[in-house]
Amino acid sequence: MALERTLSIIKPDATRSNITGQINARLGAAGLRIIAQKRLRMTRAQAEAFYEVHKDQPFYDSLCRFMSSGPVMVQVLEGENAIAKNREVMGATDPAEAAPGTIRKDFGKSIEANSVHGSDSVETAKREIAFFFSPVEIVG
Ligand code: ATP
Ligand code: MG
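About the thresholds
Residues numbered from 1 in each chain as written. Chains lettered and ligands numbered in written order. Predicted model: local features only at pLDDT ≥ 70, side-chain atom pairs only at ≥ 80, totals over all residues. Heavy atoms only, no water. Buried < 20%, exposed > 50% of the residue type's maximum accessible area, 1.4 Å probe, protein only. Helix = DSSP H or I, 4+ residues; strand = E, 2+ residues; numbered from the N terminus. Arc of directions from axis to C-beta. Near = heavy atom within 4 Å. Polar contact = N/O pair within 3.5 Å; in protein donor to acceptor, adjacent residues only side chain to side chain. Areas by Shrake-Rupley, 256 points an atom, 1.4 Å probe, with all protein chains shown as cover. Contact = heavy atoms within 4.5 Å. Phe/Tyr/Trp six-rings, centres within 6.5 Å; stacked < 30°, edge-to-face > 60°. Pairing = 2+ DSSP bridges. Salt bridge = Lys/Arg side-chain N within 4 Å of Asp/Glu carboxyl O.

**Q** Which residues make up helix 2 (residues 20-29), and what values do they have?
**A** The set of residues buried in helix 2 consists of Thr20, Ile23, Asn24 and Leu27. Considered in projection along helix 2, the buried side chains sweep an arc of 100° and stay on one side of the axis. Positioned one or two residues after helix 2, Gly31 has a phi angle of 85°, which is positive.

See below:
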């Protein structure tokens, strides 16, 4: 077990549906502590930079348009095995395939508008946290 930090994003479909509180309650119930959080609207250029790893994917343009289409909540979560734990609570990328009781199963609208993002490795988490937060904004 390791105390980890991960970047979480509550995506525009979920801010639009006003369910950020419900999502935060699920994170807390899973033992994930929100140690930094802010609401912002990504520019198209920011979304493109954040998702650069997917730039050759057919869904890249649409994903960047969607992620800059409205406000998001960016968050740093801390907890034991936070990276894997958060992805467990999120569920599979496609809400139709996500396990019962996961955020994406219960709130996701499509494989693109799937309510939340979570870092997928220690290295990714480091890069993604630094993308949105300066060290003084993170209070564990
Ligand atoms: P995330 O990175 O958001 O936590 P993930 O790791 O489950 O999700 P990725 O494969 O990294 O999924 O894809 C990043 C995001 O791109 C997905 O969350 C989803 O919004 C979108 N996406 C992934 N696959 C598709 C697809 N086939 N069609 C449309 N959008 C997709
Ligand atoms: Mg991913």
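**Q** Requested: an account of the site of ligand 1, with residues and values cited.
**A** Ligand 1 sits among 15 residues. The nearest are Lys11, His54, Thr93, Glu112 and Gly118. A distance of 3.0 Å is found between an oxygen atom of ligand 1 and a side-chain nitrogen or oxygen belonging to His54. Here an oxygen atom of ligand 1 sits 2.5 Å away from a polar atom, N or O, in the side chain of Thr93. With the chains in place, 79% of the 570 Å² that ligand 1 exposes on its own is no longer accessible.

**Q** How would you explain the side chain of Arg104 if you had to name every residue and give the values?
**A** Tracing the backbone through its elements, the reader meets Arg104 in helix 6 (residues 103-107). For Arg104, the side chain forms a polar contact with the main-chain oxygen of Val116, separated by 2.9 Å. For Arg104, the residues in contact, after removing those within four places along its chain, are Lys11, Met90, Gly91, Ala92, Thr93, Pro95, Ala98, Asn114, Val116 and His117.

**Q** Describe the packing of aromatic side chains, naming the residues involved and giving the relevant values.
**A** Per the counting criterion, the structure on display carries 4 aromatic pairs. Measuring from centroid to centroid gives 5.4 Å for Phe50 and Phe131, while their planes differ by 70°, and the two rings are edge-to-face. With a gap of 81 residues between them, Phe50 in helix 3 (residues 44-50) and Phe131 in helix 7 (residues 122-132) connect regions that are remote in the sequence. Its relative accessible area of 1% is what places Phe50 among the buried residues. When its relative accessible area of 29% is taken as the criterion, Phe131 is described as partly exposed.

**Q** Describe unusual backbone geometry, and please don't skip the residues or the numbers.
**A** One non-glycine residue, Asn81, lies in the positive phi region at around 50°. Mapped onto the elements of the fold, Asn81 is located in the loop between strand 3 (72-80) and helix 5 (82-90). Relative accessible area serves as the criterion here: at 28%, Asn81 is assigned to the partly exposed category.

**Q** If you had to explain the pairing of strand 3 to someone new, which residues and values would you point to?
**A** Buried residues dominate strand 3, accounting for 8 of its 9 residues. The pairing of strand 1 (residues 3-10) with strand 3 spans 8 bridges and is antiparallel. Bridge pairing in strand 3 places Leu3 opposite Glu80. Relative to strand 3, strand 2 (residues 33-40) runs antiparallel, the two being bridged by 7 bridges. Among the inter-strand pairings, Ala36 is bridged to a residue of strand 3, identified as Val76.

**Q** Run through the pattern of salt bridges, naming residues and quoting values.
**A** Oppositely charged side chains can form a pair if their charged atoms are brought close together. In this structure the tally under the stated criterion is 6 salt bridges. A salt bridge links Asp106 to Arg26, with the shortest nitrogen-to-oxygen separation between them at 2.8 Å. A residue pair is termed long-range when its members are at least 10 positions apart, and Asp106 in helix 6 and Arg26 in helix 2 qualify at 80 residues. Of the residues examined, Asp106 reaches a relative accessible area of 39% and is grouped as partly exposed. Look at Arg26 and you get partly exposed, because its relative accessible area is 26%. When the shortest N-O distance is used, the salt bridge between Glu48 and Arg44 registers 3.1 Å. You can see Glu48 and its partner Arg44 sitting in helix 3, 4 residues apart, about one turn around the helix. Residue Arg44 is classed as partly exposed on the basis of its relative accessible area, which comes to 33%.

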